[in-house]
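The lines below spell out each chain.
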Amino acid sequence: QVQLVESGGGLVQAGGSLRLSCAASGRTFSSYAMAWFRQAPGKEREFVAGVTWSGGDTYYADSVKGRFTISRDNAKNTVYLQMDSLKPEDTAVYYCAVRKGTWATPKTYYDYWGQGTQVTVSS
């Protein structure tokens with residue numbers, strides 16, 4: 001049974017930083033891409049960042065490019081999201097997800113999801 005567990009969310013002031021982690025278990029994740037999505041109240045879940053299994057290819061939503069960094073440690077089956085220069089509009093529940101193959105932006109392309117972690121950025 002595949003399980004994704006996010007951690008690292010919390011309350012931070014605008015301009016601050018947070019590092020999210022997502023630990024995956026339950027199968028071998030070689031050839032699986034990992035990604036972060038977020039969902040703010042009343043809005044659709046949106047793609048934030050994705051990374052291939054090798055870690056060599058990453059992709060970011062325009063809204064976070066230059067501020068967020070995605071990385072992964074395959075030995076630990078863990079993906080990270082370093083979030084710097086946070087803004088109030090980054091407030092959302094952040095979810096990690098995995099899919100076989102390369103990253104993709106549509107949420108429907110992903111096979112497994114975590115339960116989410118809340119990130120709140122105060123102004």
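Preceding this paragraph is the structure being described.
Residues numbered from 1 in each chain as written. Predicted model: local features only at pLDDT ≥ 70, side-chain atom pairs only at ≥ 80, totals over all residues. Heavy atoms only, no water.

Undergrad: Kindly report on the overall build of the chain, identifying the contributing residues and their values.
TA: A count of helices and strands for the chain gives 0 helices and 11 strands. Each helix (α) and strand (β) of the chain, taken in turn from the N terminus, gives the series β-β-β-β-β-β-β-β-β-β-β. Relative to the compact-globule value of 14 Å for 123 residues, the chain shows a C-alpha radius of gyration of 13 Å, a close match. Along the longest, intermediate and shortest principal axes, the C-alpha atoms of the chain span 40 × 25 × 25 Å. For the chain, the residues scored as buried account for 42% of the 123 residues in total. Of the roughly 6,200 Å² that the chain leaves accessible, carbon and sulfur atoms contribute 47%. Across the chain, the 13 positively charged side chains and the 10 negatively charged ones have centroids separated by 4 Å. (Helix = DSSP H or I, 4+ residues; strand = E, 2+ residues; numbered from the N terminus. Rg over C-alpha atoms; globule rule 2.2 N^0.38 Å. Buried < 20%, exposed > 50% of the residue type's maximum accessible area, 1.4 Å probe, protein only. Areas by Shrake-Rupley, 256 points an atom, 1.4 Å probe, with all protein chains shown as cover. Lys, Arg positive; Asp, Glu negative; His and termini not counted. Charge placed at Lys NZ, Arg CZ, Asp CG, Glu CD.)

Undergrad: Could you give an account of the packing of aromatic side chains, with specific residues and numbers?
TA: According to the stated counting rule, one finds 9 aromatic pairs in the structure shown. Centre to centre, the rings of Phe47 and Trp103 are 6.4 Å apart; their planes meet at 35°, and the pair counts as tilted. With Phe47 in strand 5 (residues 46-51) and Trp103 in the loop between strand 9 (92-100) and strand 10 (112-113), this pair connects stretches of sequence that are 56 residues apart. Positioned above the aromatic ring of Tyr80, the side-chain terminus of Arg19 is 4.0 Å from the ring centre. (Phe/Tyr/Trp six-rings, centres within 6.5 Å; stacked < 30°, edge-to-face > 60°. Lys NZ or Arg CZ within 6 Å of the ring centre and 35° of its normal.)

Undergrad: Could you give an account of the nonpolar core, naming the residues involved and the relevant values?
TA: Of all hydrophobic cores here, the largest spans 28 residues; its most connected members are Trp36, Leu81, Met83 and Tyr94. Beyond its immediate chain neighbours, meaning those up to four positions away, Leu81 contacts Leu18, Arg19, Leu20, Trp36, Val48, Ala49, Phe68, Thr69, Ile70 and Tyr94. In this structure, Ala33, Phe37, Phe47 and Tyr110 belong to the second largest nonpolar core, which totals 8 residues. (Core = buried A, V, L, I, M, F, W, Y, C linked by side-chain atoms within 4.5 Å. Contact = heavy atoms within 4.5 Å.)

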